[in-house]
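# Architecture and fold: a report
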Amino acid sequence: MTVLVVGGGIGGLATALGLATAGQRVTVLEAAAVFEEIGAGIQVGPNGFRMLDSLGVGPVVRSRAVHVDELRLRCGVSGRVVASLPLDETFRTRFGTYAVVHRNDVLTPLLDACQNHELIDLRPNSGVTAYTQDASGVTAVLRSGDLVSGSALIGADGLRSAVRRQLVGDGDPTVSGHTTFRAVIPAPAVPAELKENVVTLWAGPHYHVVWYVIAGGRYVNLVATTDNAATEPMTGVPVEHADVMKHFTPLCPDARRVMELADEWRAWVLCDRAPITDWQDSRVVLLGDAAHPVLQYAAQGACQALEDAVCLTSAFDPRDVVGSFARYVAQRRERTARVHHASRSMGREVYHPAGEAAAARDAMFAAWGVADLHERLEWLYG
Ligand SMILES: Cc1cc2nc3c(=O)[nH]c(=O)nc-3n(C[C@H](O)[C@H](O)[C@H](O)COP(=O)(O)OP(=O)(O)OC[C@H]3O[C@@H](n4cnc5c(N)ncnc54)[C@H](O)[C@@H]3O)c2cc1C
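The structure reproduced in this document is the subject of the present report. Here the structure is a predicted model, which means the values were calculated and not measured. Counting starts from 1 at the beginning of each chain's written sequence and moves along it residue by residue. Only residues with pLDDT of 70 or above have their local features reported here, since the model is predicted, and side-chain atom pairs are shown and tallied only from 80 upward, although totals for entire chains, interfaces and linings are computed over all residues. The basis for every side-chain value is the complete set of heavy atoms in the structure, and neither hydrogens nor water enter the calculation.

### Topic: the overall build of the protein chain
Of the regular secondary structure elements, the protein chain holds 12 helices and 19 strands. Expected size for 382 residues packed as a compact globule is a radius of gyration near 21 Å; at 21 Å, the protein chain falls within 12% of this value. Residues count as neighbours in contact if any of their non-hydrogen atoms are within 4.5 Å of one another. The contacts of the protein chain with a sequence gap of at least 6 include a subset with a gap of at least 24, amounting to 75%. Every accessible area reported is derived by Shrake-Rupley at a probe size of 1.4 Å, with residue values counting cover from the shown protein chains alone. Summed over all atoms, the accessible surface of the protein chain reaches about 15800 Å², with 52% contributed by carbon and sulfur. Between the centroid of the 34 positive side chains of the protein chain and the centroid of its 42 negative side chains there is a distance of 1 Å. What counts as a helix is a DSSP run of H or I of at least four residues, what counts as a strand is a run of E of at least two, and both are numbered from the N terminus. Two things to know: the radius of gyration comes from C-alpha atoms, and the globule rule equals 2.2 Å times the number of residues to the power 0.38. Charged-residue counts in this description rest on Lys and Arg as positive and Asp and Glu as negative, His and the chain ends being excluded. Each charge is placed at NZ for Lys, CZ for Arg, CG for Asp and CD for Glu.

### Here's the deal with unusual backbone geometry
For the bond from T249 to P250, the omega torsion is -5°, close enough to zero to count as cis. Structurally, the position occupied by P250 is in the loop between α7 (241-245) and α8 (253-260). Even without glycine at this site, S282 takes up a positive phi of about 50°. Positionally, S282 belongs in the loop between β18 (280-281) and β19 (284-286). Non-glycine residue A299 carries a positive phi angle of around 50°. Note that A299 resides in the loop between β19 and α9 (301-315).

### Remarks on the sheet that holds β19
Only strands that DSSP links by at least two bridges are regarded as paired with each other. Sheet architecture is open: six strands sit in the order β7-β2-β1-β11-β19-β18, paired in mixed fashion. Looking at strand neighbours, the two that pair on one side only are β7 (120-123) and β18, the edges of this open sheet. Bridge count for strand β1 (residues 3-6) against strand β11 (residues 152-155) is four bridges, and the pairing is parallel. Opposite V6, over in β11, you have G155 as the bridge partner.

### Considering the nonpolar core
Counting 65 residues, the largest nonpolar core has L13, V28, V106, L110, L153, I154 and Y328 as its most contacted members. In this view, V28 contacts V5, G7, G8, L13, A16, F35, I120, D121, L122 and R123; residues no more than four positions away in its chain are not counted. Put simply, buried Ala, Val, Leu, Ile, Met, Phe, Trp, Tyr and Cys residues joined by side-chain atoms within 4.5 Å make one nonpolar core. Note on exposure labels: buried denotes an accessible area under 20% of the residue type's maximum, exposed denotes more than 50%, and partly exposed covers the range between, all computed with a 1.4 Å probe on protein chains only. If you look at the next biggest cluster of nonpolar residues, it comprises 57 residues, including V213, M245, A299 and V350.

### What about the site of the ligand?
Throughout, near means a residue has at least one heavy atom within 4 Å of the molecule or strand. Every one of the 31 residues lining the ligand counts as a neighbour, but E30, Q43, R103, R182 and D289 are closest to it. Polar contact criterion, stated in full: a pair of N or O atoms within 3.5 Å, where within protein one must be able to donate a hydrogen and the other to accept it, and residues adjacent in sequence count only if both atoms are side-chain atoms. Contact between the ligand and G11: an oxygen atom at 2.8 Å from a main-chain N or O atom of the residue. Sorting the residues of the shell around the ligand by element identifies α1 (10-21), β3 (41-44), β12 (174-186) and α9 as the ones contributing at least two each. The leading source of residues in the shell around the ligand is α9, at three residues. Split by residue class, the shell around the ligand holds 11 nonpolar, 13 polar and seven charged. Three classes are used, and their members are as follows: Ala, Val, Leu, Ile, Met, Phe, Trp, Tyr, Cys and Pro are nonpolar, Asp, Glu, Lys and Arg are charged, and the others, Gly among them, are polar.

### Here we look at the environment of L122
Residue position: L122 is located in strand β7. Placed 94 residues apart in sequence, L122 and V28 show a C-alpha to C-alpha distance of 4.9 Å. Apart from residues no more than four positions distant in its own chain, L122 is found in contact with L13, V28, F35, L111, C114 and Q115.

### Re the pairing of strand β6 (residues 99-102)
Remember that side chains alternate between the two faces of the sheet whenever the strand is regular. The side-chain alternation of β6 yields two buried faces, one formed by A99 and V101 and the other by V100 and H102. The pairing of β3 with β6 spans four bridges and is classified as antiparallel. Looking at the pairing, I42 lines up with V101 of β6.

### Comments concerning the sheet that holds strand β8 (residues 128-133)
The three strands are arranged β8-β9-β10 in an open sheet whose pairing can be described as antiparallel. The open sheet terminates on both sides in strands that have one partner only, identified here as β8 and β10 (147-150). For this sheet the average axis-to-axis angle between neighbouring strands, irrespective of direction, equals 25°. In this sheet, strand β9 (residues 138-142) lies alongside β8 in antiparallel orientation, the contact comprising five bridges. By the bridge assignment, Q133 is partnered in β9 with V138. To obtain an axis, a line is fitted to C-alpha atoms, over the contacting stretch when the element is a helix, and the angle between two such axes runs from 0 to 180 degrees between their N-to-C directions.

### Section: the state of the cysteines
Here, disulfide denotes a covalent bond that connects the sulfur atoms of two cysteines. Throughout, a disulfide means two cysteine sulfur atoms within 2.5 Å of one another. Here the structure, examined in full by the defined rule, presents zero disulfides. Distance from the sulfur of C114, which forms no disulfide, to the nearest cysteine sulfur (C303) is 18 Å. C311 provides the cysteine sulfur closest to C303, a residue in no disulfide bond, and the two sulfurs are 15 Å apart. Its relative accessible area of 1% is what places C303 among the buried residues.

### Examining the pattern of salt bridges
Put simply, a salt bridge is a Lys or Arg side-chain nitrogen that is within 4 Å of an Asp or Glu carboxyl oxygen. Counted according to the given criterion, the structure contains 23 salt bridges. Here E378 and R94 are joined by a salt bridge, their closest N and O atoms 2.9 Å apart. Pair noted here: E378 is in helix α12 (residues 370-381) and R94 is in helix α4 (residues 89-94), with a separation of 284 residues, a long-range link. Residue classification places E378 among the partly exposed positions, given a relative accessible area of 32%.

This is the structure we're talking about:
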């Protein structure tokens, strides 16, 4: 009665841990040779932390996180502050923790807990190409040709999921036309006057730049995104500094100073997929980015993968795998679609508008107080 989880990223490991804690034997099939995340930061909202808490790893992730004081939106051209959301006692009392974390500081606690769990078998170098199933079980076909059988299979194999390719059959993800450049800067390189315990986002015409401190203050995470109508997918390709900077103009002096500190950039052309209503095939189901990949603009992809993991775990009944997966999909369908639409509209209406549209955004935020922002975030974080 082993459950197979394909993919050992944040979503896959969280699911394995949740199921094993409930007494289920789990085998995680990971394509890579090691379980690790790329060396970049991630924002984890209160909904994500609640899931980490319910999996038992919230305290250790919190202890490695940087607890920022504020989320701040600035105009990328003038540098003026457009909006501010204090992450203070009022915010924490209503919603909980919002913090920024090095990706491995989310993955490693999950990995440690999985490694220490006697019901979890972690198998690296086990890329899955396909599955077969009948009324009693599922078999995963590995790239090596080996077969691994279980009672159910959860495809948590990310944006380019092989499980999804077979289950949904909707081909490659949608290229958004937006390119993200990421860099990590050692914190000592940052001048004191630019070091603030804040997630700052500079929003300019067709671009935005986000930066914040990660890894206990040792590094600064820099993410610069432009909607440059890129047509070809790209994943972590090294790029020259000058080739990055030409996309970010006009840019206010503070943002420029920050970007000039980075010398090793990598580029991703962002992809997502339009929401679908069903991602189950009897004993096989999708989870996280494999099921509902989103643009990163609401900082929710990993948080949604964690919500999936906890939801699936609580819906799971080994005597009724098909019914369990149907309940999980039914519970997750509407919310994940809403996050998809919110992420896209954040990019269009808040992060990248130019001219009159940018002025309209500024007027909208000027009319809202912190209480209004809280009300608008209730559906997501509450
Ligand atoms: C620039 C950027 C910034 C982001 N910022 C945030 C943020 O601030 N907050 C947030 O919540 N989210 C953020 N996200 C989204 C987040 O990174 C993803 O949503 C999250 O990592 C998805 O987790 P996952 O486990 O579903 O997939 P993944 O992390 O992609 O893990 C999939 C795993 O499956 C493995 N795999 C792939 N194919 C196979 C196969 N065939 N067989 C076996 N294993 C396989 C992979 O090696 C990988 O380990 C951001 C994304 C980007 C691109």
